[in-house]
Amino acid sequence: MRRLVKKVATSETSVLILGESGTGKEIVARELHLRSHRCDGPFVPVNCGAIPADLLESELFGHEKGAFTGALSARQGRFELAEGGTLFLDEIGDMPLPMQVKLLRVLQERCFERVGSAVTRHSNVRIVAATHQDLETRVEDGRFRADLYYRLAVFPIDIPPLRERRDDIPLLIEHFCDKLPESGLQPVHFDQAARRALQAYNWPGNVRELANLVERMAILHEDGGVGLAQLPARLLEGLPDGSLEALEVASVDSGGPVRSRLTDTATEASLGQVDDLKAYLADVEQSLLLQALQESDWVVAQAAKRLNLRRTTMVEKMRKLGISRAEAVSES
């Protein structure tokens, strides 16, 4: 994607950025502008889907005083404001058909008129458009003009959704954590299990959703530690049965005696001996918790630290698994 941006940035070619909501289409558009010969000019974004259809023409082309009810003075449109720079038309797929005709004329003839004016104004802007819609399907359905589509899609750039580039998630987490001080927040640490869970999530909101999650975790957990227990439940709902237990086991601090016990236990069972994975993982988890408690002389906070868990999480697991010191002593 960076290679495509670099290649097309210095030309005057129209660019169509395609991608789901939250993938960063405006970031790509701004990068195109900053790398272009128009970088000293304005970058003017407009969301075509957020402006009512009856106001969109005035928003783009401006209007004269008295052009319609409420037009108390003349007003410049986005094309005039972007003169010499880049006009970013976000969510172009939501633009009404009548406006598509007028936009096509500007792209072809490089001129327009304000609403209520007969004076033709010349336009010197570069158009970068973006959409989460499938424009080819909308063209086939008659909801988007084919001539405008081909005019805009001279150079398409497709941004893949976050679920198709899961290896980027740890890097993005670090990036957003590094930016937290800019918002007056302290950096937050996601443990190994939490990171793996985030890589398994489908991220319908894409990068924007991940950025919001990092900021929310930094606000809620000022001590800087986020494990599975701190993640929102909806992020864990789609994981397969037994995955949570496996992720929690994977978060055990490597190199210690508890980790060694996990390795020994796991190697004792072959695939043919495991009839119920969830029950087997629960047994492993119970064994690890008991060992950590015994090695910490049943100081729960110390045992939780050995397992890289919060004390509250440790207490909840002990309750869930029915672990108590009296029970452990009687069994021994």
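Residues numbered from 1 in each chain as written. Predicted model: local features only at pLDDT ≥ 70, side-chain atom pairs only at ≥ 80, totals over all residues. Heavy atoms only, no water.

1. Focus on the packing of aromatic side chains
1) Next: With the rule as written, the count across this model stands at 6 aromatic pairs.
2) Next: An aromatic cluster is defined as three or more aromatic residues linked by ring pairs; in this entry it consists of Phe 61, Phe 79 and Phe 112. (Phe/Tyr/Trp six-rings, centres within 6.5 Å; stacked < 30°, edge-to-face > 60°.)

2. Things to note about unusual backbone geometry
Excluding glycine, residues mostly have negative phi values, and the peptide bonds linking residues are mostly trans.
1) Next: One non-glycine residue, Glu 91, lies in the positive phi region at around 50°.
2) Next: Topologically, Glu 91 is positioned in the loop between strand S3 (86-90) and helix H5 (97-109).
3) Next: In this structure, Asn 206 is a non-glycine residue whose phi angle is positive, near 60°.
4) Next: Along the chain, Asn 206 turns up in helix H10 (residues 206-220). (Helix = DSSP H or I, 4+ residues; strand = E, 2+ residues; numbered from the N terminus.)

3. Some details on the side chain of Thr 313
1) Next: With respect to the element layout, Thr 313 can be found in helix H16 (residues 311-321).
2) Next: Residue classification places Thr 313 among the buried residues on the basis of a relative accessible area of 12%.
3) Next: What Thr 313 contacts, discounting residues up to four positions off in sequence, is Ala 229 and Gln 230. (Buried < 20%, exposed > 50% of the residue type's maximum accessible area, 1.4 Å probe, protein only. Contact = heavy atoms within 4.5 Å.)

4. Brief notes about the confidence of the model for the protein chain
1) Next: Scored by pLDDT, the protein chain comes out at a mean of 84, with 85% of its residues at no less than 70.
2) Next: Mean pLDDT across the secondary structure elements of the protein chain bottoms out at helix H13 (residues 257-268), with 45, and peaks at S3, with 97.
3) Next: In the model, residues 252-271 has pLDDT below 50 throughout and makes 30 contacts with residues more than four positions away in sequence or in other chains.
4) Next: Within the model, the stretch residues 327-332 combines pLDDT values under 50 with 3 contacts to residues more than four positions away or in other chains. (pLDDT = per-residue confidence, 0-100.)

5. A few points about helix H2 (residues 25-34)
1) Next: Within the span of H2, buried status applies to Lys 25, Val 28, Ala 29, Leu 32 and His 33. Each buried residue of H2 sits inside an arc of 145° when the element is viewed along its axis, so together they form one side. Of the exposed residues in H2, those oriented more than 90 degrees away from the buried face are Ile 27 and Leu 34.
2) Next: Structurally, H2 contributes buried residues whose contacts are with helix H1 (2-9), strand S1 (15-18), strand S2 (43-47), S3 and strand S6 (126-131). (Arc of directions from axis to C-beta.)

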